[in-house]
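Here is what each chain is made of, one letter per residue.
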Amino acid sequence: MQLPFGFGSFSIAGCAPFPAVVCGDQVLALAAINRWRHQTGIRLHGEECLLEFVEDWDANIDSVARFLEREPADCQALWKPAGQLQVHAPFTPRQILCTGANYRQHVIDHAADFGGGVNDQASTAEQRREQAQAKIDERARNGMPYAFAKLPSTVIGPFDPIALPEDIEKPDWELELAVVIARPARHVRREDAMRYVAGYTIANDITARDRLFRPDMRAIASDWLSSKSPPSFMPFGPFIMPARFVADPHDLHMTLALNGQVMQDATSSDMIFDISRQIEYVSNRVALGPGDVILTGSPAGNGTHYKRFLKAGDEIIASIAGLGSQRNTCVSEGAHA
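Given the structure is predicted, the values throughout are model-derived calculations rather than measurements.

So, how was this worked out
Residues numbered from 1 in each chain as written. Predicted model: local features only at pLDDT ≥ 70, side-chain atom pairs only at ≥ 80, totals over all residues. Heavy atoms only, no water. Phe/Tyr/Trp six-rings, centres within 6.5 Å; stacked < 30°, edge-to-face > 60°. Helix = DSSP H or I, 4+ residues; strand = E, 2+ residues; numbered from the N terminus. Buried < 20%, exposed > 50% of the residue type's maximum accessible area, 1.4 Å probe, protein only. Axes fitted to C-alpha atoms, helices over the stretch in contact; angles between N-to-C directions. Parallel < 35°, antiparallel > 145°, perpendicular 65-115°, else oblique. Left-handed = near helix turned anticlockwise from the far one by under 90°. Contact = heavy atoms within 4.5 Å. Nonpolar A, V, L, I, M, F, W, Y, C, P; charged D, E, K, R; others polar. Pairing = 2+ DSSP bridges.

J.: Outline the packing of aromatic side chains, supporting the account with residue identities and numerical values.
T.: Enumeration according to the criterion identifies nine aromatic pairs in this entry. An angle of 75° between the planes, with centres 5.7 Å apart, marks the rings of phenylalanine 7 and tryptophan 57 as edge-to-face. With phenylalanine 7 in strand 1 (residues 6-11) and tryptophan 57 in helix 4 (residues 57-69), the pair connects residues that are 50 residues apart, well separated along the chain. Of the residues examined, phenylalanine 7 reaches a relative accessible area of 0% and is grouped as buried. Taking relative accessible area as the criterion, tryptophan 57 reaches 6% and is therefore assigned buried. Judged by centre distance (6.4 Å) and plane angle (40°), the ring pair of phenylalanine 10 and phenylalanine 18 falls under tilted.

J.: Before we move on, can you summarise the packing of helix 5 (residues 104-114) against helix 6 (residues 125-142) with the specific residues and values?
T.: Two elements in contact, helix 5 and helix 6, have axes separated by 8 Å at closest approach and are oriented at 140°. Comparing the axis directions of helix 5 and helix 6 gives the class oblique. The handedness of the crossing between helix 5 and helix 6 comes out as right-handed. Between helix 5, through Arg104, Gln105, Val107, Ile108, Asp109, Ala111 and Ala112, and helix 6, the contact on the second element is made entirely by Ala125, Arg128, Arg129, Ala132, Gln133, Ile136, Asp137 and Ala140. Of the residues assigned to the contact of helix 5 with helix 6, the class counts are eight nonpolar, two polar and five charged.

J.: Could you give an account of the sheet that holds strand 2 (residues 18-23), with specific residues and numbers?
T.: Sheet strands pair by backbone hydrogen bonding; their relative direction is either parallel or antiparallel. Across the sheet, five strands lie side by side as 4-3-2-1-5; this open sheet has antiparallel pairing. Sheet topology places strand 4 (80-81) and strand 5 (86-88) at the edges, where each strand pairs with a single neighbour. Relative to strand 3 (residues 26-29), strand 2 is paired through four bridges, and the arrangement is antiparallel. Counterpart to valine 22 in the pairing with strand 3 is valine 27.

J.: I'd love a proper account of the environment of alanine 16, names of residues and values included.
T.: Secondary-structure assignment places alanine 16 in the loop between strand 1 and strand 2. C-alpha of alanine 16 to C-alpha of glutamine 127: the two residues are 111 residues apart in sequence and 56 Å apart in space. Apart from residues lying up to four places away in sequence, alanine 16 is in contact with Phe10 and Ser11.

J.: Give me the lowdown on the pairing of strand 1, citing residues and values where you can.
T.: Counting buried positions along strand 1 gives six out of six residues, so the element sits mostly inside the fold. Of the two faces of strand 1, the one lined by Gly6, Gly8 and Phe10 and the one lined by Phe7, Ser9 and Ser11 are each fully buried. The sheet contact formed by strand 1 and strand 2 spans five bridges and is antiparallel. Following the sheet pairing, glycine 8 is matched in strand 2 by alanine 20. Count of turn residues in the strand 1/strand 2 antiparallel hairpin: six residues, of which alanine 13 carries a positive phi of about 55°. Where strand 1 meets strand 5, three bridges bridge the pair, whose relative direction is antiparallel. In the strand pairing of strand 5, serine 11 is matched with glutamine 86.

What follows is the structure, given as structure tokens:
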């Protein structure tokens, strides 16, 4: 049985980032695999850019698997400890699509904290919870996902600082399981959807809560550009774990700690709409391509629930079982410029 391996982007001594295969805490540049192509007969596409590597995902991942099974002895000296390298975002996706309000407990907590909307007649938090649960059950049976776009310019590495704009009062965290698309996808059927998944990684969908709704544009409602897309508002990575090594993406333990205190602690089983339903929905609205990313929703425990928002000096550690961890420090955007 082959040990699991993932893919990330790294650099050393200030040089340009390079894509690499990750096995445990060891890293091997994809370019190194191509150096042995005359001996192994294996040649990868996209050795200089992981996004290009994903564009030929099926052939590339099979080639890496074959290489690791019969790796030349001389190559072993080229593996480097990940701790000696700078870890970057695996790549910058061309498109980032986000599924909102997709975790049951998150939606229930929000309803209990703030009410269930304009038609909410419940007077107590418990009544609002019961009302929200009934609405979720109905939505899961007969409804559809709710999705929006986030700009690729928000992407930073899993250990980079998050720059908080000084005019945002309520920056919040949202740990999410990120799905990386393997091939062009348009009008995908739910029963076929998982064949379009390359792998999984971690994303933190940082959100400016005070910019989520425009009081001067109530009829239009959400202002996704202002609330979701300031620079550095999406720590991404540390690596892409191929789908073949993730036994059940709907049963992954997810935690986020703020300054050492656990704020989010859930599993991906709490999704209202599973990954296949999200791919079906999104691919029927837009054309997806290799390397596009779908953020699948955030579990309960956002700052809105605790009435505690991010500020300079805060440290966030976000983890998903089998996918590694992120560690990001918040800084003032002015000080970071």
